Amino acid sequence: MDTYKGSGVSPGIGLGKFYVINNEIDFSIPKKLSFKESQKKLDKRYEQLIGELEKENRQDESKVLDAYRLLINDPEIIEMVDDAQNLPEIFQVFKDTSDQMLSIEDDYFRQRAEDIISIGKEMIFTMQDIVIDKNITQDVIIFADDLTPNDTSSIDLTKVKGFVVSNAGPTSHAVIVAKNLGIPCVINFDITKIDVDFDKSVVLDGETGDIFVDPSPDVLKKVQEGMNKIDKLNELYNHDSIEYLDIELRANIGSNEEINAFNDDHIKSVGLFRSEFVYIDRSSKPTLKEQIEINNELNTKFSNTIVFRTLDIGGDKQVPYLNLPKEENPFLGVRGIRYSLDEEKLFREQIISILSSDLIEKVKIMFPMVSILYDFLDAKKIVIDEAKKLNVNPPPLGIMVETPSVALNADQYIQHVDFFSIGTNDLIQYTYAADRGLSSLNKYQDSLDVSVLRLISNVIDTGLKNDIEVSVCGDMASDKDASIILYLLGLRVFSIAPSQGPNIINSLIHAKDNLSHIKKEEILSSTDSQSLRKLIS
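Residues numbered from 1 in each chain as written. Predicted model: local features only at pLDDT ≥ 70, side-chain atom pairs only at ≥ 80, totals over all residues. Heavy atoms only, no water.

Visitor: Just to check I follow, could you spell out the overall build of the protein for this structure?
Guide: Looking only at helices and strands, one finds 21 helices and 16 strands in the protein. Over its C-alpha atoms the protein spans a radius of gyration of 24 Å, differing by no more than 12% from the 24 Å that the globule rule assigns to 537 residues. Taking the principal axes of the C-alpha coordinates as reference, the protein spans close to 70 × 60 × 40 Å. Counting the 537 residues in the protein, one finds 55% classified as buried. Taking all contacts inside the protein whose residues are at least 6 apart in sequence as the whole, residues at least 24 apart take part in 69%. Positive and negative charge centroids in the protein, built from 58 and 89 side chains respectively, lie 2 Å apart. (Helix = DSSP H or I, 4+ residues; strand = E, 2+ residues; numbered from the N terminus. Rg over C-alpha atoms; globule rule 2.2 N^0.38 Å. Buried < 20%, exposed > 50% of the residue type's maximum accessible area, 1.4 Å probe, protein only. Contact = heavy atoms within 4.5 Å. Lys, Arg positive; Asp, Glu negative; His and termini not counted. Charge placed at Lys NZ, Arg CZ, Asp CG, Glu CD.)

Visitor: Before we go on, may I ask you to explain the pairing of strand 16 (residues 493–496) in this structure?
Guide: A regular strand places its side chains on the two faces of the sheet in alternate fashion. Across the two faces of strand 16 the burial is the same, with Val-493 and Ser-495 and Phe-494 and Ile-496 all buried. Across 4 bridges, strand 9 (residues 248–253) lies against strand 16 in parallel orientation. Counted as the bridge partner of Leu-249 is Phe-494 from strand 16. Across 2 bridges, strand 15 (residues 469–472) lies against strand 16 in parallel orientation. Within strand 16, the position partnered with Ser-471 by the bridge is Val-493. Each parallel crossover has a hand, and for strand 15 linked through helix 18 (residues 480–488) to strand 16 it is right-handed. (Pairing = 2+ DSSP bridges. Right-handed = clockwise from strand over helix to strand, strands pointing away.)

Visitor: What is the right way to read helix 4 (residues 87–102) from this model?
Guide: Note: α-helices contain 3.6 residues per turn, so residues at a spacing of three or four share the same orientation. The end-to-end C-alpha separation of helix 4 is 22 Å, in line with the 22 Å expected for 16 residues at 1.5 Å each. Within helix 4, the full set of buried residues consists of Leu-87, Ile-90, Phe-91, Val-93, Phe-94, Thr-97 and Ser-98. Of the residues that open helix 4, the one with a side-chain oxygen 2.9 Å from the backbone nitrogen of Glu-89 is Asn-86. (Expected span 1.5 Å × (residues − 1). Polar contact = N/O pair within 3.5 Å; in protein donor to acceptor, adjacent residues only side chain to side chain.)

Visitor: I would appreciate a short explanation of a negative patch on the surface in the present structure.
Guide: A cluster of like negative charges, contributed by Glu-37, Asp-82, Asp-83 and Glu-89, occupies part of the molecular surface. Tracing the chain through its elements places Glu-89 in helix 4. Glu-89 gets classed as partly exposed once you look at its relative accessible area, which sits at 39%. (Patch = residues over 30% accessible without salt bridge, like charges linked within 9 Å, V, L, I, M, F, W, Y side chains within 5 Å. Areas by Shrake-Rupley, 256 points an atom, 1.4 Å probe, with all protein chains shown as cover. Salt bridge = Lys/Arg side-chain N within 4 Å of Asp/Glu carboxyl O.)

Visitor: Got a minute to help me understand helix 19 (residues 501–514) in this structure?
Guide: The terminal C-alpha atoms of helix 19 lie 20 Å apart, and with 14 residues this matches the ideal 20 Å at 1.5 Å per residue to within 8%. Within helix 19 the residues assigned to the buried category are Gly-501, Pro-502, Asn-503, Ile-504, Ile-505, Ser-507, Leu-508, Ile-509 and Ala-511. Residues of helix 19 that are buried sit in contact with helix 8 (217–236), helix 9 (239–245), strand 9, helix 18 and strand 16.

Visitor: Whenever I open this one, the sheet that holds strand 11 (residues 306–309) confuses me. Can you help?
Guide: Working definition: the strands of a sheet are paired by backbone hydrogen bonds and lie parallel or antiparallel to each other. Pairing in this closed barrel of 8 strands is parallel, and the strands run 9-10-11-12-13-14-15-16 around the ring. Shown here is a sheet whose adjacent strand axes are inclined to one another by a mean of 25°, direction ignored. Bridge analysis of strand 10 (residues 269–274) against strand 11 gives 3 bridges, and the strand direction is parallel. In the strand pairing of strand 11, Val-270 is matched with Ile-306. (Axes fitted to C-alpha atoms, helices over the stretch in contact; angles between N-to-C directions.)

Visitor: What's the story with the pattern of salt bridges in this structure? I'm lost.
Guide: Side-chain pairing between opposite charges can occur once the charged atoms of the two side chains come close. The final tally for this structure, using the stated rule, is 21 salt bridges. Shared partners join several salt bridges into a network, and the residues in it are Glu-276, Arg-309, Asp-312, Arg-335 and Asp-426.

Visitor: Hey, could you run me through the pairing of strand 12 (residues 363–367) in this one?
Guide: With 5 of 5 residues buried, strand 12 is to be regarded as a mostly interior element. The alternating pattern of strand 12 places Val-363, Ile-365 and Phe-367 and Lys-364 and Met-366 on opposite faces, both of which are buried. Here strand 11 pairs with strand 12 via 4 bridges, running parallel. Each bridged residue has a counterpart across the sheet, and for Arg-309 the counterpart in strand 12 is Met-366. In this view, the connection linking strand 12 to its parallel neighbour strand 13 (residues 397–401) by way of helix 14 (residues 373–390) has right-handed handedness.

Visitor: I tried to follow the sheet that holds strand 1 (residues 2–5) on my own but got confused; where do I start?
Guide: If you trace the 8 strands from one edge of the open sheet to the other, you get 1-8-7-3-4-5-6-2, paired in mixed fashion. Only two strands of the sheet have a single neighbouring strand rather than two, namely strand 1 and strand 2 (7–10). Going from strand to strand, the sheet's axes swing by 30° on average, the running direction of each strand aside. Those strands touched by helix 8 are strand 3 (13–21), strand 7 (201–205) and strand 8 (210–213), and its axis lies near 115° from that of strand 3.

So, in structure tokens, the structure goes:
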């Protein structure tokens, strides 16, 4: 047995056969098809795959492949390629385009850069008449340098019992897929350390980051114990436990696929509806009718509150047809509510789609990237104006707290907002001044550092004193240790990745039964996160 260690980012225990996704190009294999022939063949393959995904209700992934079809037919790329070029020269066109996107330091362009490299590789494979076989017929642990949406959309995820991904950050595509589907995932591990042997079994612990290749009987015994523990977690995950804790769990939803796949009897509300997915990876703006239809579909899945975050683009989320400004620092530029207020017509149409849909009786509207009160008041005025035109009552309006300026001055907003929802991912990023998408800066993403906790605590205290609802919709709410600290600080509304419900309930029961003696002052005076983790262990 060989033992390795990475960083666990999606908890759970997986057991399966060793499986490597290796998409490296062998340029010594000659070209068999022209670029144009390969372009048509690849486009047809994507079209077929989209149909298969849609049959399985994997709508979000099918839309990503719709965007891939747009990219392989992109006139700018086509103009740079001719059949006189050799394979390395053709691939270099895709690499140069990818490098241009990588030079723009934000999450969205990094993901698009990955996609273009993936498409470039598949184009070369197609020209070589090579098909990368991802037909998985048994339970596997997948090892890869990186995983693009194309990789995850073309494999049977029901057979995937774990991911080990070398080049991924805590909020990368592969990690998000793993968390949403409850698949254990480990990152920050060099997969070249392991000799490839597809006959060997692998055990993966997505919480500790441990990787066991060809596990011993003792490890397999512990795996069974771990699975029994998971069964016990599921037993505790029930209405009585939620009532005992006096909390509400809500779901984070960010795609049509997640709407369709949602199946949790204990979560009745959405704490974060990421509406930008309606706009991203399309070639044109969604119509008002399309937006209303998606809102109505969301309404059928959830019987209680829907917290609808208005369009949050800019930063790591770019939409080509909206002609967003080119900025050196897009995370600090025109994004979120700033963009919506600049593009008022687009913003008003989104508000109309909410107020005209079946959501109207249960929706709360949340504005992202608020950093000054005037932005909130301007957005609020637009909602009230459109509600008046439609002869409906304006829904509750709130703020996604993700900037230190709001967290520090939450009391300035209490006369104007109906609720606060803390977006911890960006709040941590802006507190540390460190791009959360860069794995090299992971040490600046410590959610239990006292500087972050004091900001969060101030918002929670402000809400409690003024009878204003406070929730957390960032990754901290789905993290076992962080959720305990949030509970001890007084938080009672947790908006989580749906698959994490059992883990969070178990952690909070531990907090209530064993840690209630820990006072807020002790937490906020901690010297470092390590000592805080020891305190709650």
